[in-house]
Structure formats: C-alpha cells, structure tokens
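# Breakdown of the fold
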Amino acid sequence: MRKLRLVLIFLALGSAALVLWVKFTHPAPPPPTAERLSSPATPFDSARAATSAGVPAGDHRALLTLLRSRLRKRDAREQEALLAFADAAARERFLARAAAAGLTVLGSLEGLNTVRVRYASLDDLARELQAHAGDYAEVGANALVRVPAPPPEAQERAARLSVPVGDRLLQILEATGDNSAWGRGVTIAILDSGVAADTTFGSGRLRTLDVGQGTRPGTAATAAAESRGVAPSADLLSIRVTDAAGVSDTFTVAQAIVAAADAGARVINVSLGTYQSSSLLTQAIDYAYAQGAVIVAAAGNDQAAQLAWPAADPRVVSVGATDARGEQVLFSNSGDQLKLTAPGYGITTAGAEEQLISFSGTSASAPVVAGAIAALMSATPNLTAAQAVDILQTHASDAGPAGADADYGQGVLNLGWSLARLDPTRTDTAIASQAYAPASGALSVVVQNRSARPAAGLTLTVDVGGTASQATISWLDAGASTTLTVQVDTARLREQGHLPVRSDLANTTGITDAVPANNQRTGVITAPVD
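On a predicted model such as this, the values are computed, not experimentally measured, just so you know.

### Here's the deal with the overall build of the chain
- If you tally the helices and strands in the chain, you get twelve helices and 25 strands.
- Across the 530 residues in the chain, those meeting the buried criterion constitute 55%.
- For the chain, the computed accessible surface area is about 21,600 Å², with 51% contributed by carbon and sulfur atoms.

### Focus: the sheet that holds strand E22 (residues 467-476)
- Spatial ordering of the open sheet is given by E22-E21-E24-E25, a layout of four strands whose pairing is antiparallel. What marks the edges here is a single partner per strand, and that holds for E22 and strand E25 (520-526). Taking the axes of each pair of neighbouring strands and ignoring which way they run, one obtains an average angle of 20 degrees across the sheet.
- As paired strands, strand E21 (residues 455-464) and strand E24 (residues 498-506) are joined by six bridges and run antiparallel to one another. Bridging across to E24, Leu-460 finds its partner in Leu-505.

### Some thoughts on the sheet that holds strand E9 (residues 206-209)
- One open sheet holds the seven strands; their spatial order is E9-E11-E8-E13-E14-E15-E16, and the pairing between them is parallel. Bordering the open sheet on either side are E9 and strand E16 (340-343), each of which pairs with just one other strand. In this sheet, adjacent strand axes meet at a mean angle of 30 degrees when their direction is disregarded.
- By the bridge criterion, four bridges tie E9 to strand E11 (residues 235-240) in an arrangement that is parallel. The residue of E11 that forms the bridge with Leu-206 is Leu-236.
- Across the sheet, helix H10 (residues 385-394) touches strand E14 (294-298), strand E15 (317-322) and E16, and the angle it forms with E14 is around 45 degrees.

### Side note on the environment of Arg-68
- Following the sequence through the fold, Arg-68 ends up in helix H2 (residues 60-71).
- Overall, Arg-68 belongs to the partly exposed group, its relative accessible area being 38%.
- Remark: the alpha-carbon pair of Arg-68 and Ala-141, spanning 73 residues in sequence, is separated by 9.7 Å.

### Description of the side chain of Asn-449
- Looking at where Asn-449 falls in the secondary structure, it is placed in strand E20 (residues 442-449).
- Engagement of the side chain of Asn-449 in a polar contact is seen with the backbone oxygen of Arg-453, the distance being 2.9 Å.
- Dropping the residues within four chain positions of it, Asn-449 is found in contact with Trp-417, Asp-428, Thr-429, Pro-454, Ala-455, Leu-476, Asp-477, Ala-478, Gly-479 and Ala-480.

### Description of the packing of aromatic side chains
- As enumerated under the stated definition, the model contains two aromatic pairs in all.
- Each ring, one from Phe-85 and one from Phe-94, has its centre 5.2 Å from the other, and the planes form 35 degrees; the classification is tilted. In terms of burial, Phe-85 and Phe-94 fall into one category: buried.
- Each member of the aromatic cluster is reached from another via a ring pair, and the members are Phe-85, Phe-94 and Tyr-136.

### Some points on the side chain of Thr-114
- Inspection of the secondary structure assignment puts Thr-114 in strand E5 (residues 114-119).
- On the basis of relative accessibility, which here comes to 2%, the residue Thr-114 falls in the buried class.
- Within the structure, the side chain of Thr-114 is placed 3.0 Å from the backbone oxygen of Leu-112, a separation counted as a polar contact.
- Apart from the residues within four sequence positions on either side, Thr-114 is in contact with Leu-82, Leu-83, Ala-84, Arg-91, Gly-107, Ser-108, Leu-109, Phe-251 and Leu-280.

### Section: the packing of helix H7 (residues 250-262) against helix H8 (residues 279-290)
- Their axes nearest at 9 Å, the elements H7 and H8 cross at an angle of 5 degrees. One finds that H7 runs roughly parallel with respect to H8. Residues Thr-250, Phe-251, Val-253, Ala-254, Ile-257, Val-258, Ala-261 and Asp-262 of H7 form the contact with H8, whose participating residues are Leu-280, Leu-281, Ala-284, Tyr-287 and Ala-288.

### Quick look at the environment of Asp-286
- Relative to the helices and strands, Asp-286 is located in helix H8.
- Each C-alpha atom, one on Asp-286 and one on Arg-315, is 9.0 Å from the other, the two residues being 29 residues apart in sequence.

### Structural notes on unusual backbone geometry
- Following Trp-309, the chain continues into Pro-310 via a peptide bond in cis, with omega recorded as 15 degrees.
- Residue position: Pro-310 is located in the loop between E14 and E15.
- Of note, Asp-75 is a non-glycine position whose phi angle comes to about 60 degrees, a positive value.
- The exposure class assigned to Asp-75 is partly exposed, which follows from its relative accessible area of 24%.

Reading the values: rules and limits
Residues numbered from 1 in each chain as written. Predicted model: local features only at pLDDT ≥ 70, side-chain atom pairs only at ≥ 80, totals over all residues. Heavy atoms only, no water. Helix = DSSP H or I, 4+ residues; strand = E, 2+ residues; numbered from the N terminus. Buried < 20%, exposed > 50% of the residue type's maximum accessible area, 1.4 Å probe, protein only. Areas by Shrake-Rupley, 256 points an atom, 1.4 Å probe, with all protein chains shown as cover. Pairing = 2+ DSSP bridges. Axes fitted to C-alpha atoms, helices over the stretch in contact; angles between N-to-C directions. Contact = heavy atoms within 4.5 Å. Polar contact = N/O pair within 3.5 Å; in protein donor to acceptor, adjacent residues only side chain to side chain. Phe/Tyr/Trp six-rings, centres within 6.5 Å; stacked < 30°, edge-to-face > 60°. Parallel < 35°, antiparallel > 145°, perpendicular 65-115°, else oblique.

Purely geometric numbers; function is a separate question.
This is the structure we're talking about:
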C-alpha cells in the first residue's frame, strides 16, 4: 500500500494552512515528446462523417471503428462517452430517449449542452448516432484527470541545488506589512478532493458545493492551522471533484468549473491535470471567463516539455514551480503557454497530527498564484480577475534568460512589486538571474528594474572565483531587463572543478533600494563533464 501523499496546500489562500492528503495510484508520466495539447478534439458529426471523419453516412461498421478509437483510450472512464449536442432542444430530445436507446445518463451540463453517458455496447451508441445524426455536435471520451504526481521528497532533491521555501513564503514573494485584509470580498473556488473545515476559517468563509462527489473531504484529508497565507480574508468555495481513489474526469472538472463560476467565484484553482485535450474543458473555460472568472492550474510535475490540461489552455493561468531562490525546480513542467512560476518547493506547513511537513509540487505553486490574484483584487477597487492576472504577469521577477520563456513564463510571482506598482517614489532594481553557458564560457547576469520609474547609473560587479569585473548600466526603463555577460576563465574552471560566483548591483548614490536583498546573487559554476 502506498503512503498517503500531500496533494493540495491552502497555505497561499488563508490564515489556515489547509492540507489535503489523498491515497491514489498514478500512471507513469508521459515522455516529453508526448502529443501536445494545442487544440481540442475534432468535432464529430455522423451525418457529415464522409467529410469530417472519413466515415460514409450509414456505414455502421466504420462508425464503430471510429467510436472505438475515440472512446477506448488509455486513462479514460471505461464504457463512458461525452455527447455534445447542437442545441438545448437536441439535448432534451436525447434525454427523453436515452433509456430506450440502451444508454444510461450519468450527468448533464445544460449550459454546455453536453451529456455524460454509460453504454453497455458500442452498437447501441452507434445506432443512436446514426438515427439522430442532426442532433449531435461531438462525441468523445471522458478522460481521467488526476492530481499531479508528487515529486520526490525534498531531501532527495537537495543535491540538485534547489533551496526549500520553508516558512518564508511571504518574504520570498516580497510581500511585507499587514496582509490580514488581503482577499476580502473575493471568492476562490478549490477544485480538488475537498476542503476540510477549520476554526481558523471563521464564520461563513468556507462554503461547499456538490457536483456529484459529495462535499466531505476524502477519507485521508485533514485540516491544520498555524500558518500565515497570502489572502487570509478570501472566501473559499470547496468543490470536491475526485473520487475515493483521488481521480477525477473531464466531465466532473468541467461541471465544477461551470458551477464555480455560477456561484460567484472569480478565481478557480485547479491543481489537477490530464494529458488528453478536451473540447468540453475548452467550453467550460469559455463559460467561466465569460462570467468574469479566471482559472489557475498546475503545470504538472513530470519534468516534461509540455503542460498538463487545463494548464495547457492558453487562457488558463498555468503555473510552474520555483524554489526559494526563484529558480525552476527540476520536476516542474515547461511549455510555451506557461504564464507564471511561483514558490513550490519545500514549503513548510502544518500537516496531519499537528506536525509540520514540507510540501513540493506545482499543485502548491498554483494556489500561491490564486491567492495573489485575490490579494491584488482586494487591494485595488474594481480590479477584475483578468486585470489582476495581467498585473502579476507584467510585474513578475524575470528569471532564466531575459524576457518570457518556456521554463518561467513571464517570470516568478512578485506580489510585493505588483502591490506597489503605482508608487512613483519606490526604487527596486534587482539581479534577476545568473547562468553559465559552457559552450561559450560566458556567465550571463540579468538585471531588472522593478521600479515604477526608470533607473540610471547602476553599477554591476561580478566576481568569479576572486576575479572581479564591473559594468555600468546607464539607463533601464521601468519594468525592463538587460543582460550583461562576463567571460569565465575556462582553463581555471577545468583545473579547479568549480568556481564561486557573486554578483552585486548598486544604485546611484542617494537612492534607497526598497528590496536590498535582491541586489546580490551568489552561486557556483561547475566545470562540464567531458
């Protein structure tokens, strides 16, 4: 029996750190070369099958072959189909005749004109499709959706130079001062295995909503307090979407997204994922955004060059994981659609039996961003969730190469900068990253101006193994980044095996930096192995 693993932390969203534990079986992760999820499933209409799917109208055998390829997929609910209809009237007609057609209705989404059914035989489903072809828009499988597999325990990853966040989450987000009111008036929906009630939530802060999985947390779920969060005054809407094994499916997640939007949630956190695209999830995301909500989703923990779905949808706020230094953690998925990264390695929080535990994963990073959106909305009257997301992206700490990239998206969440973005007197210049390229023997140092005004006369000093060099940055626009390179003595590096590196950034005399801690960065360059 596998041990219980941590799958969702609510440290980011409230003054109580809610920890959910779920026992589940996770399949082997797909390789980085797995099919990308860039588009929804191809629409299916048996009346026009000759042109859309190569199936002549009335060809029962060919239709059965097509249905097998679409419905009998790995990691999908067995003997289930999702039927999308042309309109509400077509859906109602089907519901009236489903039983006679040998199909069992398991659920219906009125707003999306989609029905979840179980079939005993594909022949029954094929006959229904052929007899009422004009009613249908699409037929697809009900793919399984799982909590991202937790990465190895923190102590096993220390050798890879990742630094645990510990209990310094707000400090790392550069969020200082009294945050007791952050999130007030904003509802965050949590789509997972259920939120366990805790006295620290206060009266009326936590609500539950049932979409067919009940409202009680999973049998292994616990709640614990004693941790300061990002948005401790936000209202929480718990929607359990997983079964007893910790597994969900496309229909249930789509249903929960729609229900959360209808219930007034403006931030919807989904720390679940699948590597199968789905037009139903696409429609649910459409619906939520039309209601003014945003969806925040975990990128995945498979160290893959693609994002799990729904994070793969370009509208979703996909979130990768970083450590305490703002560097990508090895397990975090990458992809061109990645929006942001946030702390998600070795976060200390309260767990079962009043013990402190360390939690890692993009499913920890996603609620950090969800909480930041709520905090920003509460701090700025009339700010929409989408506008808050834009602010967090444009005021993120640059990481990796200058500008957006597949590993960090727009950068690492910097809530302090986002909240102080309108202060014209605030100066914050920072060393965003430093990286060594063995092929060129060059050390690249990225400097970012996180002020609301341009910075002038900056001095960057880089020391590699005791040899220092200096450069002047005469001008850097507000929010801009620039890259400076230092050539490393590669012969000395090969001889010694490694060289310590330290970069220091100084502002013009008389300028006080709001966050002096980010004006210095240290590291070690290791000689490449031949």
